[in-house]
Each structure stands twice: as structure tokens, then as C-alpha cells.
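Topology and contacts: notes
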Amino acid sequence: MAKIAIVGEMSAHPGKFAEYLAKMTEHARASRKEPGCIRFDVFVPREGENTLYIYEIWKDQAALDVHANTPRMKAYRDTTKPITASRKVTLCTLHDSADA
């Protein structure tokens, strides 16, 4: 089965980045404990404000589907929606990785 990678770029509304980053960090740490999560990293650019990037690797589509439908994921989406200015997520099939 093919592993799934997610690459995302998100930004917060002005004045909300610290709150957004804290919620994303909490979300990433909780997601890493899920059985199908291989990796979940959060990156903050050295230059630029209000933007963060994520990189996730999931065992397979089924593991990602379970993750996407957890009550915790719904709660995360509900609490971050008002402070999110933009969100771009790209789903990929993992071709090669040291982690996979």
C-alpha cells in the first residue's frame, strides 16, 4: 500500500499567529500518537509572518481517513477556522523517504 504525504501551507489572521501555532503544535503532537501516523512536522519560516507549513506521512489512505474523521480533528477544525486566513493542502503519494 502506498504511503500518503501531506504538504500544507497555512496562515493566520493578523494578531492570531501565536494562537494558531499553539493549536497546530498540539494537533501535530496528538496526531503523532495515532497508529497510522509516521510523521507530522510543523515548520515556521525564518522570514515572513503569520504562515506555517506542515508535512505529514500516513501509513496509507485508510489511516488518513481514520485521522480525518476523529472527534479531535473536528474539534481542531472548529477551533482554528475563525483564526485561519488561508489553508492550502496537497495530498501526495509518497515516492521516497528516509522515514517510510
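Figured I'd write up the structure that's included with this text.

About the cut-offs
Residues numbered from 1 in each chain as written. Predicted model: local features only at pLDDT ≥ 70, side-chain atom pairs only at ≥ 80, totals over all residues. Heavy atoms only, no water. Helix = DSSP H or I, 4+ residues; strand = E, 2+ residues; numbered from the N terminus. Rg over C-alpha atoms; globule rule 2.2 N^0.38 Å. Buried < 20%, exposed > 50% of the residue type's maximum accessible area, 1.4 Å probe, protein only. Contact = heavy atoms within 4.5 Å. Areas by Shrake-Rupley, 256 points an atom, 1.4 Å probe, with all protein chains shown as cover. 1 Å grid on protein atoms, 1.4 Å probe; cavity = no way out; pocket = protein on both sides within 12 Å on 5 of 7 lines; lining within 4 Å. Points joined across faces, edges and corners; volume = space filled by probe spheres on them. Axes fitted to C-alpha atoms, helices over the stretch in contact; angles between N-to-C directions. Parallel < 35°, antiparallel > 145°, perpendicular 65-115°, else oblique. Nonpolar A, V, L, I, M, F, W, Y, C, P; charged D, E, K, R; others polar. Disulfide = S-S within 2.5 Å. Pairing = 2+ DSSP bridges.

Another point: the overall build of the chain. Of the regular secondary structure elements, the chain holds 3 helices and 4 strands. The linear arrangement of helices and strands in the chain, starting from the amino end, is β-α-β-β-α-α-β. For 100 residues, the compact-globule formula gives about 13 Å, and the C-alpha radius of gyration of the chain, at 14 Å, lands near that figure. Overall, the C-alpha framework of the chain stretches about 40 × 30 × 20 Å when taken along its three principal axes. When the 100 residues of the chain are sorted by exposure, 36% land in the buried category. Nonlocal contacts in the chain, meaning residues at least 24 apart in sequence, comprise 71% of its contacts between residues at least 6 apart. For the chain, the exposed area adds up to about 6400 Å²; of that, 53% sits on carbon and sulfur atoms.

Its boundaries defined by the atoms lining it, the largest pocket holds a volume of some 350 Å³. In this structure, the largest pocket is lined by 22 residues; those nearest its centre are Met-73, Tyr-76, Arg-77, Arg-87 and Val-89. Listing elements by their share of the lining of the largest pocket, those giving two or more residues are strand 1 (4-12), helix 1 (17-32), strand 3 (51-58), helix 2 (61-68), helix 3 (71-80) and strand 4 (84-93). Considering every element that reaches the lining of the largest pocket, the biggest residue donor is helix 2, with 5 residues.

Moving on: the packing of helix 1 against helix 3. Closest axis-to-axis distance for the helix 1/helix 3 pair is 11 Å, and the angle between their directions is 170°. The angle between helix 1 and helix 3 places the two elements in the roughly antiparallel class. Contact residues: Tyr-20, Lys-23, Met-24, His-27, Ala-30 and Ser-31 in helix 1; Arg-72, Met-73, Tyr-76, Thr-79 and Thr-80 in helix 3. Residues that form the contact of helix 1 with helix 3 fall into these classes: 5 nonpolar, 4 polar and 2 charged.

Take the state of the cysteines next. A full pass over the atoms with the stated rule returns 0 disulfides. Cys-37 takes part in no disulfide bond, and the closest cysteine sulfur to it belongs to Cys-92, at a distance of 15 Å. Judged by its relative accessible area of 10%, Cys-37 is buried.

Before going further, it helps to spend a moment on the sheet that holds strand 1. Here we have 4 strands laid out as an open sheet, ordered 2-3-1-4, and antiparallel in their pairing. Lying at the two open borders of the sheet, with one neighbouring strand each, are strand 2 (37-43) and strand 4. Taking the axes of each pair of neighbouring strands and ignoring which way they run, one obtains an average angle of 10° across the sheet. Pairing between strand 2 and strand 3: 6 bridges, direction antiparallel. Residue Phe-40 lies in a different strand from strand 3, and its bridge partner there is Glu-56. Together, strand 1, strand 3 and strand 4 form the strand contacts of helix 2, whose direction differs from that of strand 3 by roughly 130°.

These results come straight from atomic positions and should not be treated as a statement about function.
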